[in-house]
Amino acid sequence: MYFFEVEKAYEYIYRGIVKVVGEPYQEEQPDKNGNMRKVWMFPVKMVKDVETAEAEADEKLLEALENLSERDYPIPDFDYILTPQDKTPPITRDHIKIRTRNPMHSAIALRYAGFLCEIDREHPSFIRRKNNHNYVEPHHLVPMKYSDDFSVSLDVPANIVSLCSNCHNEIHYGKNYEQLLERLYEQRKDLLQKVGIDITLEELKEMYP
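Now for a quick tour of the structure. Bear in mind the structure is a predicted one, so any value in this text is a computation, not a measurement.

### Notes on the packing of aromatic side chains
- Counted by the stated rule, this structure contains two aromatic pairs.
- Centre to centre, the rings of Tyr73 and Phe115 are 5.4 Å apart; their planes meet at 70°, and the pair counts as edge-to-face. Within this pair, whereas Tyr73 is found in the loop between α1 (50-66) and β6 (91-93), its partner Phe115 is found in the loop between α2 (103-112) and β8 (137-140), the two being separated by 42 residues in sequence.
- Taken together, a centroid distance of 4.7 Å and an interplanar angle of 10° make the contact between Phe126 and Tyr135 stacked.

What follows is the structure, encoded as structure tokens:
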């Protein structure tokens, strides 16, 4: 079954797919007037949500980059397109809207960074099998799941940073993720503005729960 969150009357936000994992039961809860009433409870488990779908899209992007050969990467003396870009239409999977990632945009960003980590260019890595480049991973600084909050595309090289595997995981799961965000934001804030992504550091931090 599909799970929707009700924030206010007649406004529903789709959150994903759930399945019932137990017998329905009733319990008493107060209504908005404080009167106790019996309501049905349905034990459910999330099967697939927006976060999972976004993570799968990022994994597919990494897989696509693994299949790029040297000739698929942009020439070394290219430059960014520093104008706002239109968003591509979202695709729908399991009733979840996902914005697609263009592997070539990530390839441009990795080439622009010299295939080094933008937190620290000395961070160790290894060489990819197919193209002999240093292994780094693309990361959308302003996360793709917030695409609906912007009138322009977030899948642009100016919003994609090159990170070693350790920094990529730290920015998602680490205790000191805010320090990494601050460093990357200072490096990219001017580029972000040029491509129409207007965001403050505090707004960016709020996107990383």
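### Thoughts on the packing of α1 against α2
- Remark: α1 packs on α2, axes separated minimally by 10 Å, with the N-to-C direction vectors making an angle of 70°. It follows from the interaxial angle that α1 and α2 lie roughly perpendicular. Like other packed secondary-structure pairs, α1 and α2 cross with a definite hand, here right-handed. Counted together, Leu61, Ala64 and Leu65 of α1 and Pro103, Ser106, Ala107 and Leu110 of α2 form the full contact between these two elements.
- A per-class count over the contact of α1 with α2 returns six nonpolar, one polar and no charged.

### Structural notes on the pattern of salt bridges
- Applying the stated rule across the entire model yields 10 salt bridges.
- Between Arg128 and Glu66 there is a salt bridge, with the nearest N and O atoms lying 2.3 Å from each other. Here the residue Arg128 occupies a position in the loop between α2 and β8, and Glu66 occupies one in helix α1, the gap between them amounting to 62 residues.
- Note on Arg128: relative accessible area 5%, which makes it buried.
- With relative accessibility at 33%, the residue Glu66 sits in the partly exposed group.
- Linked through salt bridges whose partners overlap, the residues forming this network are Glu54, Asp58 and Arg101.

### Overview of the pairing of β8
- Because side chains alternate across β8, one face comprises the buried residues Glu137 and His139, and the other comprises Pro138 and His140, equally buried.
- With four bridges connecting them, β8 and strand β9 (residues 160-163) associate as antiparallel partners. When the sheet's bridge partners are listed, His139 is paired in β9 with Val161.

Definitions and limits used
Residues numbered from 1 in each chain as written. Predicted model: local features only at pLDDT ≥ 70, side-chain atom pairs only at ≥ 80, totals over all residues. Heavy atoms only, no water. Phe/Tyr/Trp six-rings, centres within 6.5 Å; stacked < 30°, edge-to-face > 60°. Helix = DSSP H or I, 4+ residues; strand = E, 2+ residues; numbered from the N terminus. Axes fitted to C-alpha atoms, helices over the stretch in contact; angles between N-to-C directions. Parallel < 35°, antiparallel > 145°, perpendicular 65-115°, else oblique. Left-handed = near helix turned anticlockwise from the far one by under 90°. Contact = heavy atoms within 4.5 Å. Nonpolar A, V, L, I, M, F, W, Y, C, P; charged D, E, K, R; others polar. Salt bridge = Lys/Arg side-chain N within 4 Å of Asp/Glu carboxyl O. Buried < 20%, exposed > 50% of the residue type's maximum accessible area, 1.4 Å probe, protein only. Pairing = 2+ DSSP bridges.

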